[in-house]
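Now for the letters of each chain:
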Number of protein chains: 2
Amino acid sequence: MNQARSAWLAAWAFAAMNAVWLSGAGAAEGMWTLDNLPRAALKDQHGFEPDAAWLSHVRGAAVRVGGCSGSLVSAQGLVMTNHHCVTRCLAELSTPQRPVKAAGYLARGPQEELACAGLEVLQLQSERDVTADVQTATQGLQGEAFQKAEDAVRARLARECQQGQAATRRCEVTVLYRGGQYVLKQYERYSDVRLVWVPEDAVASFGGDPDNFNFPRWCLDVAMLRLWRDGKPVNTPVHLRVEPAGPQAGELLFIPGHPGQTQRSLTVAQLERLRVRLASQDIPALSESRGLLHQLAQRGEPTRTWALQSMSGTENGLKVSQGQLQALFSPALWDLKRREEQALKAHVAAKPELRARVGDPWADIERAQALRAELETEYNLIAEGRAFSAPQFQSARILVRGPVERAKPDGQRLREFSESSLSVMERRIKAASPMDLTFERERLEWSLTRMRSVLGPDHPVVKTVLGTKSPSQRAGELITESKLHDATERARLWDGGAAAVDASADPFIALVRTTEAHARGLRERFEAQVLAVERQAAQRLALAQFDRDGLNRYPDATGTLRLSFGTLKGWQEGQAAVGTHTTVAGLRARHTGAAPFAMPNSWTTAGLALPHELPFNFVTDHDIIGGNSGSPMINRQGRWVGLVFDGNRHSLGGSFFYDGALNRAVSVHPAVILQALQRVYGGQGLAQELMR
Amino acid sequence: MNQARSAWLAAWAFAAMNAVWLSGAGAAEGMWTLDNLPRAALKDQHGFEPDAAWLSHVRGAAVRVGGCSGSLVSAQGLVMTNHHCVTRCLAELSTPQRPVKAAGYLARGPQEELACAGLEVLQLQSERDVTADVQTATQGLQGEAFQKAEDAVRARLARECQQGQAATRRCEVTVLYRGGQYVLKQYERYSDVRLVWVPEDAVASFGGDPDNFNFPRWCLDVAMLRLWRDGKPVNTPVHLRVEPAGPQAGELLFIPGHPGQTQRSLTVAQLERLRVRLASQDIPALSESRGLLHQLAQRGEPTRTWALQSMSGTENGLKVSQGQLQALFSPALWDLKRREEQALKAHVAAKPELRARVGDPWADIERAQALRAELETEYNLIAEGRAFSAPQFQSARILVRGPVERAKPDGQRLREFSESSLSVMERRIKAASPMDLTFERERLEWSLTRMRSVLGPDHPVVKTVLGTKSPSQRAGELITESKLHDATERARLWDGGAAAVDASADPFIALVRTTEAHARGLRERFEAQVLAVERQAAQRLALAQFDRDGLNRYPDATGTLRLSFGTLKGWQEGQAAVGTHTTVAGLRARHTGAAPFAMPNSWTTAGLALPHELPFNFVTDHDIIGGNSGSPMINRQGRWVGLVFDGNRHSLGGSFFYDGALNRAVSVHPAVILQALQRVYGGQGLAQELMR
């Protein structure tokens, strides 16, 4: 990384190195950026000092796989991630003749590797602090003007970095410390990603929703992919080698990965608002969806498969939200957050010069929460489109907005239409994405019904959308009469631009047109009066925090590369001690024969050859969150000793704080991956590639 | 009413009359017991002094109809209540040839009146304060011993009152002020209740779930029943006559009714716990059920009808819970409750003699909440049986417990098996109650799945219940192999006692047997360590309140007769003023032709004869809550001027406090009932009976 920092950050960069640990920080707390590791702690507690070569090796081998993490694990472009990170690809590749998801898949040679159409792998090439650029562009601006200027400078920086090479390069400006730092990241982009191996769904997600976020656990949650380019596998000299013995007791272990999102630096007012939203909107909506999908999964194929596919995401989201809500009902959390907030307020109050620069960001944020409460429901339903739960609606909105936005200068567009994002959007809109129209009809009807429930039958958008029709009638006609499920039609409208879109009588296009003014208005208002206010206040909070703590602080997770560290560690669950490892014997004991506790046939036949004591899954005290799925766990030699796929249920509170006594990451042991490949799946060649 | 009071209440009975209004009490606040009306306020504000004759007339005409309210409205036993209070009866009476629920029904003469098998009407005959009896029996006891002694004395009082005349008499001990007062109530019991008239579902619940708890509103939510005994209609000389002009502006109006349950006297700790429960358990469960039923309602008949029937209760419950949660997220509520709690604490602290008797009930309740948090989920699922959502399970539990409990002395039984309750239970278990096995199978599978989700697959009861089966397999075999859907089989097992039950191999009976020890253990622990502690603490809180306020306070609602008063009043909703009345013109404007906004055919044909300006529904500022549905609204002449059927959405916060600016009751105007009967439904005879 280019170490040039903005001036106002640089002042604390060195002071931070020996600062004391922050209050509440556990031994393994932190999702650290690679340029700001807690070096003193690593050295003091573990005698480890990562050098430039070590960091460069880790940075080169850790990749982003869609919304998950992954790693390069051979010199031939082999990428390891989780089975649950590629289920959409598996569902799309599955046919009655080749049920990839249910039966698993092993490519016997490169020619049998199957392309995952929608999947993209990003590998970080370089990064640069651009805080100063953003500050210059936004200086003195507020609200909407600030938002637009920030969008414009980010779009420009990304476009300049990308240099028109969108097919193989992706550039993004990442916002760290909720606005305290801006970093321009340049990724190598791999869009020809092929499936090499997955085991059966039944063993990859053994225990299903009941065991999700629990431990002990027995999931072979692994998928092997390969990067291709120009018709052949990519050479990847930088990659991780396996340590088949797995992690050792007491050994310092690292997880390089891409944790998606945490809310640890939210103010008390923001957390209070988030609690209301989770309890009043998110959890009820997810619960209702779960009940709906439970029934839809009893329909015939292919509706059943799509319902089950959607169900796993819904149930996962529900557990996450419920875990977060539980944390937000814990008095301990509020004590901690109030104490932290008071301490920072006191720090600011005590320094007049700082106080002049920081002001009262807490009050600004609190005011923004009142507006958030007023707008958020409508914003989510109409501006984000949750009221219209059909891929055709999302396509229609992109198709209607595309010509309008592309006609504007880059910096003035809605940010998803900025020059650097256009190729991703174009690829997505033109990609063949199979869907089941029965499933889409049912889900759309439900989302329209819910919109009417939540906004009421007299809301202007509800009246416009439904007219004199019931949600069932309206969903039926939209799905039946639209052609937007067809990629050819979407491509025709994208390529045809304004003329083609204006001429289209597609009912989803018409629906977008009639709701567009309201949707855009909501978005503009929400971004200018809520998001921009929160962003600017957060920048001033960051200023106060840097002033007090220097850089001895990690930013909230942002889906970008971080390093967590920890060791093998069980925990105390009430009266019971939970151990670190499970073995194949435990899987056999938990097998009932009824899903989700049924081993696949391969495990009740060839799998019997695996020894009882073969390690299966294990837990460590790393600080991780959703998005870390698929991360490698590595030792100080840089070898991978595990594949992260989950956290325990306590880790769900990790959105807000890390509790070293309880939060655990759950990983697959390398031994079970290698042994299963060799003895159960006939994957000797792949195992050799991993061990080479 | 027998005016004898317990000694410790009597001291304040007269002092109360001129006491000041309590803080926070609005002009129309209060669900008053008839022996403790706010006479001073009624006289001062409205110049009205109800005399004994007025009260006796009201008491005689107001009846309980299942979980709803109702009133006698002719001398021939005619009872008026809401359509939505009798939907279960309507569903059971409906056949493809006679779709009572969808098409409405009018009996042309007594011989066409249809018996509502499960419905019971109770009419209060007398009541007596028995606080002293309960205090004597429970003196010095704590926890389980207290609970058992209280159960025993209540069972004895009810049994002695009932004098073996269970067929026509029902006696209950009602607990007022959460234990501050016990009242023995004797009701005349009518169990031959017949349907006389209902309009179509489409106009009774016009607007459906979207309009529920909203206003403006257009629901002809009325049902007319008749009490029969010994093969002929019952003579009811005490009854309400109609005032066809309806309520007048400014006129003092009364609602005698049976509000079900409020939580206004809960402590801050109890409200906090309730909020967690609503957000984490009740609302997610109701939401999930809603999604499930949404899909089940798309199956063929009769599953569709049962799903829709269940849906209206689920959606209603969900709106209530969400309204309560919204109130519990309002800072104003917490300010009010904390202030009230502090004030009462201060009052106790200032009087050493009182302090010695009251102690610190707040702390006891707070400790009980911690245990509630630990036990409540499991208690609800297993002890209350929500994990086994099938009527067959509830029947099986009664059948298994019946012989065990009936062998014990009355005072030692589970309270639902006390001598005074047995006949109700026997009638219920032997009643033919139609059900759809497909619907029950789906709902049972869902509730088993949810049990496993919530308790986890390793919970001992989950393991016992599911074994190696999936919820789907287990629900399938239970529903298919059980015979408990058949009333004959249930009667055989009830009458056969222990021998018959022990010999039964019915899978639901077996399921109850294997979970019985765990279920009873949970119930005992929850009742002794949570409910009894809360009850005893609440008694001490009541003592403190009586000491400060005398009886100038109404008890929380308990499903027993209360009187609310108020006047016609609209309200301010944000920027908009909401008026007091709707008219037929509004209904016609809201009609789209698509359910739930479709008038039935009768209204688009014969109904066109009704004048545009005919009043339909109206709002008043009475303090009501669920259970008040079906209450008459009467004027000071004792004539009925409206039929209460709902509250506005603000009234949902009425569980916790009354806000006179916003809370409104919604009623049907008598003019639309009479005119519709005469001009739309051919019910001239019935209209004449009402106006006689």
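In this numbering scheme, every chain counts its residues from 1 along its sequence in written order. Ligands are numbered from 1 and chains lettered from A, in the order in which they are written. Local features in this predicted model are restricted to residues whose pLDDT is 70 or higher, and side-chain atom pairs enter the listing and the counts only when it is 80 or higher, whereas totals over whole chains, interfaces and linings include all residues.

Visitor: An account of the overall build of chain A is requested, with residue identities and associated values reported.
Guide: The helix and strand labels rest on DSSP assignments: H or I over at least four residues marks a helix, E over at least two residues marks a strand, and numbering proceeds from the N terminus. Within chain A one finds 25 helices and 20 strands. Atoms counted for the radius of gyration: C-alpha only. Globule rule: 2.2 Å times residue count to the power 0.38. Its C-alpha radius of gyration of 25 Å places chain A within 12% of the 26 Å reference for a compact globule of 692 residues. Taken along the three principal axes of its C-alpha coordinates, chain A extends 65 × 65 × 50 Å. Counting across all 692 residues of chain A, residues that qualify as buried make up 50%. Summarising the internal contacts of chain A: among those between residues at least 6 apart in sequence, 79% fall at separations of at least 24. Around each residue's C-beta, the other C-beta atoms within 10 Å are counted; 20 or more make the residue buried, 12 or fewer make it exposed, and counts in between make it partly exposed. All C-beta atoms are placed from the backbone. We call two residues in contact whenever the C-beta atoms placed from their backbones are within 7 Å.

Visitor: So, the interface of chain B and chain A: which residues are in play, and what are the values?
Guide: Taken together, the contacts link 34 residues of chain B with 35 residues of chain A. Of all the secondary structure elements, the ones that give two or more residues to the side of chain B that touches chain A are α9 (208-211), α10 (268-296), α11 (303-328) and α17 (437-455) of chain B. In terms of residue count, α10(B) provides more of the side of chain B that touches chain A than any other element does, 14 residues in total. Residues are grouped as follows: Ala, Val, Leu, Ile, Met, Phe, Trp, Tyr, Cys and Pro are nonpolar; Asp, Glu, Lys and Arg are charged; all remaining types, including Gly, are polar. Tallied by class, the residues present in the side of chain B that touches chain A amount to 13 nonpolar, 15 polar and 6 charged.

Visitor: Give a detailed account of the confidence of the model for chain A, specifying residues and quantitative values.
Guide: Residues and elements named next belong to chain A. As a per-residue measure, pLDDT reflects the predictor's confidence and takes values from 0 up to 100. For chain A, per-residue confidence averages 94 on the pLDDT scale, and residues scoring 70 or more make up 96% of the total. Counted against residues more than four places away or in other chains, residues 1-26, with its pLDDT under 50, gives 41 contacts. This prediction of the complex comes with two scores: 0.93 for pTM and 0.92 for ipTM.

Visitor: Can you tell me about the environment of Phe656(B), naming the residues and giving the values?
Guide: Along the chain, the position of Phe656(B) falls in the loop between β19 (640-647) and β20 (665-668). If we skip the residues at most four places from it in the chain, Phe656(B) touches Gln263(B), Arg264(B), Leu271(B), Ala327(B) and Leu333(B).

Visitor: Now, about the relation of the copies chain B and chain A: what can you tell me, with residues and values included?
Guide: When chain B is fitted onto chain A, the two copies agree to an RMSD of 0.0 Å after a turn of 180 degrees and an axial shift of 0.0 Å. Such a turn and shift between the copies fits a two-fold axis. Of the interface residues in chain B, 100% have counterparts in chain A that sit at the interface too, so the contact is made through matching surfaces. A least-squares superposition brings the copies together, and it is based on the C-alpha atoms of residues with pLDDT no lower than 70 in both.

Visitor: Talk me through helix α6 (residues 131-138) of chain B; I want residue IDs and the actual numbers.
Guide: Residues and elements named next belong to chain B. Of the positions making up α6, those classed as buried are Thr-131, Val-134 and Thr-138. Down the axis of α6, the sector holding all buried residues measures 70 degrees, keeping them to one side. Two residues or fewer after α6 comes Gly-140, characterised by a positive phi angle close to 75 degrees. The arc in question is traced by the directions running from the helix axis to the C-beta atoms.

Visitor: Please give an account of the pairing of strand β8 (residues 181-190) of chain A that cites residues and values.
Guide: All names here are of chain A. Counting buried positions along β8 gives 8 out of 10 residues, so the element sits mostly inside the fold. Two strands pair under a simple rule: DSSP has to find at least two bridges between them. Note that strand β6 (residues 121-129) and β8 share 8 bridges and pair antiparallel. By the bridge assignment, Asp-129 is partnered in β8 with Val-183.

Visitor: I'd like to hear about helix α24 (residues 670-679) of chain B, residue by residue, with values.
Guide: Think of an α-helix as turning once every 3.6 residues; residues three or four places apart then point the same way. All names here are of chain B. α24 sits mainly inside the fold: 7 of its 10 residues count as buried. Regarding α24, the residues found buried are Pro-670, Ala-671, Val-672, Ile-673, Gln-675, Ala-676 and Leu-677. Contacts made by the buried residues of α24 are with β17 (615-620), β19, β20 and α25 (684-691).

Visitor: Go over the environment of Glu376(A), please, and point to the residues and values.
Guide: Among the structural elements, Glu376(A) can be located in helix α14 (residues 361-383). Sequence separation between Glu376(A) and Arg154(A) is 222 residues, and the spatial gap between their C-alpha atoms is 25 Å.

Visitor: Just give me the short version of the packing of helix α15 (residues 391-406) of chain A against helix α21 (residues 507-549) of chain A, but keep the residues and values in it.
Guide: Residues and elements named next belong to chain A. Two elements in contact, α15 and α21, have axes whose closest approach is 8 Å; the angle formed by their N-to-C orientations is 65 degrees. Helix-helix and strand crossings are classified by hand; for α15 and α21 the assignment is right-handed. For the pair α15 and α21, the contacting residues are Gln-392, Phe-393, Ala-396, Arg-397, Leu-399 and Val-400 in the first and Phe-508, Ile-509, Leu-511, Val-512, Arg-513 and Glu-516 in the second. When grouped by side-chain class, the residues that make up the contact of α15 with α21 number 8 nonpolar, 1 polar and 3 charged. The angle between two axes is taken between their N-to-C directions and runs from 0 to 180 degrees, where each axis is a line fitted to C-alpha atoms and a helix contributes only its stretch in contact. Left-handed describes a crossing whose near helix is turned anticlockwise from the far helix by less than a right angle; the clockwise case is right-handed.

Visitor: Quick rundown of the packing of α10(B) against α17(B)? Include the residues and the values.
Guide: Residues and elements named next belong to chain B. Between α10 and α17, whose axes approach to 11 Å, the crossing angle comes to 150 degrees. It follows that α10 is roughly antiparallel to α17 by the angle criterion. Crossing hand, α10 versus α17: right-handed. Two secondary-structure elements touch here, α10 through Ala-285, Glu-288, Leu-292 and Leu-296 and α17 through Phe-439, Glu-442, Trp-446 and Arg-450. Throughout, the term roughly parallel applies to angles under 35 degrees, roughly antiparallel to angles over 145, roughly perpendicular to angles from 65 to 115, and oblique to all others.

Visitor: Which residues make up unusual backbone geometry, and what values do they have?
Guide: The amide bond that connects Glu301(B) to the next residue, Pro302(B), takes the cis arrangement and shows omega of 0 degrees. Mapped onto the elements of the fold, Pro302(B) is located in the loop between α10 and α11. Backbone torsion omega between Ala595(B) and Pro596(B) reads 5 degrees, so that peptide bond is classified as cis. You can see Pro596(B) is positioned in the loop between α22 (584-590) and α23 (601-604). Of note in this structure, Phe213(A) is not a glycine but carries a positive phi near 65 degrees. Take Phe213(A): it is sitting in the loop between α9 (208-211) and β10 (223-229). In this structure Phe213(A) comes out as partly exposed when scored by C-beta crowding, with 19 C-beta atoms within 10 Å.

Visitor: I'd love a proper account of the pairing of strand β17 (residues 615-620) of chain A, names of residues and values included.
Guide: All names here are of chain A. Counting buried positions along β17 yields 6 of 6 residues, so the element is predominantly enclosed. Examined bridge by bridge, strand β16 (residues 581-583) and β17 share 2 bridges and lie antiparallel to one another. Residue His-581 lies in a different strand from β17, and its bridge partner there is Phe-618. Sheet topology note: the β17/strand β20 (residues 665-668) ladder contains 4 bridges and is antiparallel. In the strand pairing of β20, Asn-617 is matched with Val-668.

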